[in-house]
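If you want the building blocks of each chain, they are given just below.
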Amino acid sequence: MYYGEFKAPKGVIKVALDKENDRISNIRISGDFFMYPEEAIEDLEQFLVGVKIDRESLLRSLKEFYTKKKVETPMVGPEHFLEAIMRAAIGGGA
Amino acid sequence: MRVWRLLPLRVDDAFYSMALDEAILRLNAEGNSPNTLRFWRWQPSAVSLGYFQSVDREVDLSVAKKYGVDVVRRITGGGAVFHDYGGELTYSVVCKQSDVPSDIIESYRIICGGLVKGFERLGLSAEFKPVNDVVVNGKKISGNAQTRRFGSVLQHGTILIDPNIRLMFELLKVSPEKISDKFISSVYERVTSITRELCRKPSFEEVRDAMRFGFEASFGVKFEDGQLTQEEINLAEELREKYASKEWLNKR
């Protein structure tokens, strides 16, 4: 798995992922942030599988997820998850 | 004035403590448990992990084993906390969602406001630092975590009385240089404790009493001493298995 992390204004987002043909094939997101409702993290991981690994596609998916699921992540936003995912995608092994 | 329940100060292991919080939360949401404030200590000392944290990335399990420290995953987000039996008091508040602001940071402000007033009663000038910290002289003295489920709110948090900081950082995977003297001294610039600020170590009961007063003022309620119900005890016993399981610990 590829691994990367990003320090958001509240918490560090840690991402481990596998990719296939420039798309996310498997992703695990962890960290000390808050997300309401908590179970949405699993939905987010599911939602990101198959998404093309480029900033535009990922940000669009993340924003869509926030709107659809009405998740709240105090002081953390889609752009911070994006950074963590990008760092994992270009980063080294877990 | 509205009356909420205050439970006696308890000493429990990590798994039962987390089970009890969830049991009270669930039963409060069902209308079978009153709004409740409780305080407890962790025996044995334990690390609690935030709901979203990866156990392997955050905790050195071999160090935990060496010192007999339990490791448990919370149902609340946020970071890993070392609950030192000898130097840390934990509280939890369970109430209806309608009893706190719907805005998440504002609800932290109200509940942490109880701690701020409690620290003031102990003679310390404290302030809420969003999202979820209380600081004294700019240093963290309490970390808090909240969840909202089933129409009720659970917030629990740590009140640092005199924790073993060196052991804390041996247990938590912070960075490679974590146990260097330089790192430890930088921690002392960011984290403090009641004992350090007051230059004396208060008893757990004294801290509990101060916080009780603080929460009464912040919520505008009166606490009446109460006991756990049989229903809460039964549900907590049941939920304890989840918290003690490998599946739950390794969920992430």
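In this report, the structure presented in the accompanying data block is examined.

Procedures and definitions
Residues numbered from 1 in each chain as written. Chains lettered and ligands numbered in written order. Predicted model: local features only at pLDDT ≥ 70, side-chain atom pairs only at ≥ 80, totals over all residues. Helix = DSSP H or I, 4+ residues; strand = E, 2+ residues; numbered from the N terminus. Rg over C-alpha atoms; globule rule 2.2 N^0.38 Å. Buried ≥ 20, exposed ≤ 12 C-beta atoms within 10 Å, placed from the backbone. Pairing = 2+ DSSP bridges. Axes fitted to C-alpha atoms, helices over the stretch in contact; angles between N-to-C directions. Contact = placed C-beta atoms within 7 Å. Nonpolar A, V, L, I, M, F, W, Y, C, P; charged D, E, K, R; others polar.

**A look at the overall build of chain A**
In step 1: A tally of helices and strands in chain A yields three helices and three strands.
In step 2: Going residue by residue from the N terminus, the α and β elements of chain A occur as β-β-β-α-α-α.
In step 3: Taken over the C-alpha trace, chain A has a radius of gyration of 12 Å; the compact-globule value for 94 residues is 12 Å, and the two agree within 12%.
In step 4: Along the first, second and third principal axes, the C-alpha set of chain A runs to 30 × 25 × 20 Å.
In step 5: Every one of the 94 residues in chain A was classed for burial, and the buried ones make up 37%.

**Structural notes on the sheet that holds strand β6 (residues 81–83) of chain B**
Residue and element names in this part refer to chain B.
In step 1: On the basis of which strands lie adjacent, the open sheet formed by three strands has the order β5-β4-β6 and mixed pairing. At either margin of the open sheet sits one strand with a lone partner, and together these are β5 (70–73) and β6. Sheet twist, expressed as the average angle between the axes of neighbouring strands with direction ignored, equals 25°.
In step 2: In this sheet, β6 lies alongside strand β4 (residues 46–49) in antiparallel orientation, the contact comprising three bridges. Pairing of serine 48 across the sheet is with valine 81, part of β6.
In step 3: Together, β4 and β5 form the strand contacts of helix α1 (residues 14–29), whose direction differs from that of β5 by roughly 25°.

**Digging into the environment of Leu167(B)**
In step 1: Considering the arrangement of structural elements, one finds Leu167(B) in helix α5 (residues 165–171).
In step 2: When the C-alpha positions of Leu167(B) and Val63(B) are compared, they lie 9.0 Å apart, and in sequence the two are 104 residues distant.

**Observations regarding the interface of chain B and chain A**
In step 1: Contacts between chain B and chain A engage 16 residues on the former and 14 residues on the latter.
In step 2: Of all elements in the fold, only α4 (104–121) and β10 (139–149) of chain B reach the threshold of two or more residues within the side of chain B that touches chain A.
In step 3: Within the side of chain B that touches chain A, the residues separate by chemical class into six nonpolar, seven polar and three charged.

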